[in-house]
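Examining the three-dimensional arrangement
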Amino acid sequence: MEEIWSKVTSTLNLDATASQIWLEKLKERYNDTTVRHYHTEDEMLKSKLAYLVDQKPSVVLAVLFQYYELDSQGNSIEMNCQAFKEFCKDTALNDENLVQHVLRLLGDPSANVFDIEDDLNFLQDLDLVYLSSSAEDFRRQRELLRLEYKQMNDKQYNSMRLKFLETFLNVLPCIYSTTQFREQFEEAAKANITAEVEELKALV
């Protein structure tokens, strides 16, 4: 995380001291294993960083703040947007177009920005890269994800997971929205999803 953080904060000419403080905050969040198992620096973020090398600063910042706060009940969007706003204030990030772009990528529907569909598709595909992992890695990641939904019993979780996966097989025309990810990962992801769906159907 340090390398890409240094690159993006230097590119934007942000306050160095405040940027370092926020890097430490990000690392503390992503390494808090009391609530995180899959959405950690080592498990999730490292797998994403390779795809961020040539991305614009707004996309990089969105990826890094996307799971700053983790709430499996779906209440984290507002908190992550607020954290990013605090980061902007502390580091003197005054580019309002970039700020609005990141906020929209983080899920703020009120953000005033246009022509963002490509970046939204990229973020979505990046989130789904794990679906194309090797069978062994995919099983491990599934187990780690399950641990982040402790408020659900197995039946509830399996039903939710099955509904989520069947959307890719039965509703959407393809798993990945971008050509880059579709060409690289579609076939492997479909195989993993199909296998997991069969397992889940036997449990619900």
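Residues numbered from 1 in each chain as written. Predicted model: local features only at pLDDT ≥ 70, side-chain atom pairs only at ≥ 80, totals over all residues. Heavy atoms only, no water.

**Structural notes on the nonpolar core**
We apply this condition: To define a nonpolar core, start from buried Ala, Val, Leu, Ile, Met, Phe, Trp, Tyr and Cys residues and group those joined through side-chain atoms within 4.5 Å. Burial here depends on accessible area, computed with a 1.4 Å probe over protein chains only, as a share of the maximum for the residue type. Under 20% is buried, over 50% is exposed, and the range in between is partly exposed. Helix and strand definitions here come from DSSP, where helices need a minimum of 4 consecutive H or I residues and strands a minimum of 2 consecutive E residues; each element is numbered from the N-terminal end. Residues count as neighbours in contact if any of their non-hydrogen atoms are within 4.5 Å of one another.
Grouped together as the largest cluster of nonpolar side chains are 60 residues, with contacts concentrated most on Trp5, Leu61, Phe65, Phe84, Phe87 and Leu131. Among the elements that make up this core, the one with the highest residue count is helix α4 (residues 57-65) (seven residues). For Phe87, the residues in contact, after removing those within four places along its chain, are Trp5, Leu14, Trp22, Leu61, Phe65 and Leu93.

**Digging into the packing of α4 against helix α6 (residues 96-105)**
Put simply, the test is: To get an axis, a line is fitted to the C-alpha atoms, and for a helix only the part in contact is used. The angle between two axes follows their N-to-C directions and goes from 0 to 180 degrees. Any angle that falls under 35 degrees is termed roughly parallel, while one over 145 is termed roughly antiparallel, one within 65 to 115 roughly perpendicular, and all others oblique. Each crossing gets its handedness from the near helix: less than a right angle anticlockwise from the far helix is left-handed, clockwise is right-handed.
α6 packs onto α4 with a crossing angle of 40° between their chain directions and a minimal axis gap of 9 Å. In terms of orientation, α4 lies oblique with respect to α6. Remark: the crossing between α4 and α6 carries right-handed chirality. Contact residues: α4 offers Pro57, Ser58, Val59, Leu61 and Ala62, while α6 offers Leu98, His101, Val102 and Leu105.

**A few points about the pattern of salt bridges**
Put simply, the rule is: Each salt bridge in this description consists of a side-chain nitrogen of Lys or Arg and a carboxyl oxygen of Asp or Glu lying within 4 Å of one another.
Per the counting criterion, the structure on display carries 14 salt bridges. Here Arg146 and Asp154 are joined by a salt bridge, their closest N and O atoms 2.9 Å apart.

**Here we look at the packing of aromatic side chains**
Stated formally: Classification of ring pairs rests on two measures: the distance between centres of Phe, Tyr or Trp rings, Trp counted by its six-membered ring, which must be within 6.5 Å, and the angle between planes, read as stacked under 30 degrees, edge-to-face over 60 and tilted in between. Geometrically, a lysine NZ or arginine CZ counts as sitting over a ring once it is within 6 Å of the ring centre and also within 35 degrees of the ring normal.
In total, this model carries 18 aromatic pairs according to the counting rule given. Ring centres of Phe65 and Phe84 lie 5.5 Å apart, and the angle between their planes is 75°; this geometry places the pair in the edge-to-face category. Taken together, the residues span a long stretch of sequence, with Phe65 in helix α4 and Phe84 in helix α5 (residues 76-91) at a distance of 19 residues. Both residues of the pair, Phe65 and Phe84, count as buried. An angle of 50° between the planes, with centres 5.3 Å apart, marks the rings of Tyr149 and Tyr157 as tilted. Clustering of aromatic rings is evident, with ring pairs tying together Trp5, Trp22, Phe65, Tyr68, Phe84 and Phe87. Of note, Lys25 hangs over the ring of Trp22, and the distance from its end group to the ring centre comes to 4.2 Å. The ring of Tyr30 carries Arg36 above its face, with NZ or CZ at 4.8 Å from the centroid.

**Remarks on the environment of Glu148**
Looking at the element boundaries, Glu148 is found in the loop between α8 (135-147) and α9 (154-170). A relative accessible area of 8% places Glu148 in the buried class. Glu148 sits 111 residues away from His37 along the chain, and the two C-alpha atoms are 6.5 Å apart. Contact partners of Glu148, with chain neighbours within four places excluded, come to Val35, Arg36, His37, Tyr38, His39, Leu70 and Ser72.

**Concerning helix α3 (residues 41-49)**
Of the positions making up α3, those classed as buried are Glu41, Glu43, Met44, Leu45, Lys48 and Leu49. In this fold, the buried residues of α3 make contact with α1 (2-11), α2 (16-30), α4, α7 (117-127) and α8.

**Concerning the packing of α6 against α7**
Going by this rule: In this count, Pro and Cys sit with the nonpolar residues alongside Ala, Val, Leu, Ile, Met, Phe, Trp and Tyr, while Asp, Glu, Lys and Arg are called charged and the others, Gly among them, polar.
Running from N to C, α6 and α7 cross one another at 45°; their axes reach a closest spacing of 10 Å. For the element pair α6 / α7, the angle class is oblique. The two elements α6 and α7 cross, and the hand of that crossing is right-handed. Contacts between α6 and α7 involve His101, Arg104 and Leu105 on the former and, on the latter, Asp119, Leu120 and Leu123. When grouped by side-chain class, the residues that make up the contact of α6 with α7 number three nonpolar, one polar and two charged.

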